[in-house]
Amino acid sequence: MLDAIGWASKMTVSYQHLFLGYKIRDIATHESGVGEWPHLQAITVYIENGHNQDLTITIRGNKEKTTMGSVELVSAFTVSAGTAVSYTLTPETTGWLPYIYVTAKAATAPTTGEINVTIITIEKE
């Protein structure tokens, strides 16, 4: 059965964890695992910074399942210590590549906390 805008009334939410309980204790740039951006649809990247320092985040994409040769999809932004943010990406606003990952960097080395980054997609059934 379709709803008022033609979507199937049943949809599946999927989660891919790019960073999960990852502890940063230096000022190096850290690359997450590589996730998939399926079906030319919108995705949300949910970032939780549980560290005691702000983190600079970039969202990157690639044509292959690797970080080598990737391009920036979203310019660098700051996630304050102890906060969470989300970014919704669509092919119309950011372009589309089949693989996605994030980088995280602290200006001052955190001494406590961890980062979690999750890709959230909704697929019609």
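Below you will find a few notes about this structure. None of these values were measured; they are calculated from a predicted model.

What follows deals with the overall build of the protein chain. Within the protein chain, the regular secondary structure consists of one helix and nine strands. Reading the helices (α) and strands (β) of the protein chain from amino to carboxyl end gives β-β-β-β-β-β-β-α-β-β. C-alpha atoms of the protein chain, sized along the principal axes, occupy 50 × 30 × 20 Å. Here the protein chain, with 125 residues, has 35% of them falling under the buried criterion. Within the protein chain, residue pairs in contact and separated by at least 24 positions form 80% of the contacts whose partners lie at least 6 positions apart. As displayed, the protein chain has an accessible area near 6900 Å², and 54% of this comes from carbon and sulfur atoms. Each charge class in the protein chain can be summarised by its mean position, and for the 8 positive and 12 negative side chains these summaries are 4 Å apart.

On to the environment of Leu-18, then. Looking at the secondary structure, you find Leu-18 in strand 1 (residues 11-22). Note: C-alpha distance between Leu-18 and Ile-115 (97 residues apart in sequence) is 9.8 Å. Filtering out sequence-adjacent residues up to four positions away, Leu-18 remains in contact with Ser-32, Gly-33, Val-34, Gly-35, Ile-100, Tyr-101, Val-102, Val-117 and Ile-119.

Counted according to the given criterion, the structure contains two aromatic pairs. Measuring from ring centre to ring centre gives 4.2 Å for Phe-77 and Tyr-87, while their planes differ by 35°; the resulting arrangement is tilted. With Phe-77 in strand 6 (residues 71-79) and Tyr-87 in strand 7 (residues 83-89), this residue pair connects regions lying 10 residues apart in the sequence. By relative accessible area, which is 10% here, Phe-77 ends up buried.

Our next topic: the sheet that holds strand 1. In a beta sheet, neighbouring strands pair by backbone hydrogen bonds and run either parallel or antiparallel. Within the open sheet, the four strands sit side by side as 1-9-4-7. Their pairing is antiparallel. Each having just a single partner strand, strand 1 and strand 7 make up the two edges of the open sheet. Neighbour-to-neighbour, the strand axes of the sheet open up by a mean angle of 15°, direction not taken into account. Relative to strand 9 (residues 115-124), strand 4 (residues 43-49) runs antiparallel, the two being bridged by six bridges. Considered in strand 9, the bridge of Asn-49 is made with Ile-115.

What follows is about the pattern of salt bridges. Any two side chains of opposite charge can pair, given that their charged atoms come close. Taken as a whole and assessed by the stated rule, the structure comprises three salt bridges. Note that Lys-65 is salt-bridged to Glu-36, the shortest N-O span being 3.9 Å. Here Lys-65, found in the loop between strand 5 (55-62) and strand 6, pairs with Glu-36, found in strand 3 (residues 35-36); they are 29 residues apart in sequence, far enough to count as distant. A relative accessible area of 39% places Glu-36 in the partly exposed class.

Together, Met-11, Val-13, Tyr-15 and Ile-122 give the surface a local cluster of nonpolar side chains, amounting to about 380 Å² of exposed area. Sorting elements by how many residues they give to the nonpolar patch places strand 1 first, with three residues. Mapped onto the elements of the fold, Ile-122 is located in strand 9.

Calculation rules
- Residues numbered from 1 in each chain as written.
- Predicted model: local features only at pLDDT ≥ 70, side-chain atom pairs only at ≥ 80, totals over all residues.
- Heavy atoms only, no water.
- Helix = DSSP H or I, 4+ residues; strand = E, 2+ residues; numbered from the N terminus.
- Buried < 20%, exposed > 50% of the residue type's maximum accessible area, 1.4 Å probe, protein only.
- Contact = heavy atoms within 4.5 Å.
- Areas by Shrake-Rupley, 256 points an atom, 1.4 Å probe, with all protein chains shown as cover.
- Lys, Arg positive; Asp, Glu negative; His and termini not counted.
- Charge placed at Lys NZ, Arg CZ, Asp CG, Glu CD.
- Phe/Tyr/Trp six-rings, centres within 6.5 Å; stacked < 30°, edge-to-face > 60°.
- Pairing = 2+ DSSP bridges.
- Axes fitted to C-alpha atoms, helices over the stretch in contact; angles between N-to-C directions.
- Salt bridge = Lys/Arg side-chain N within 4 Å of Asp/Glu carboxyl O.
- Patch = residues over 30% accessible without salt bridge, like charges linked within 9 Å, V, L, I, M, F, W, Y side chains within 5 Å.

So far we have only geometry, and geometry alone does not tell us how the molecule works.
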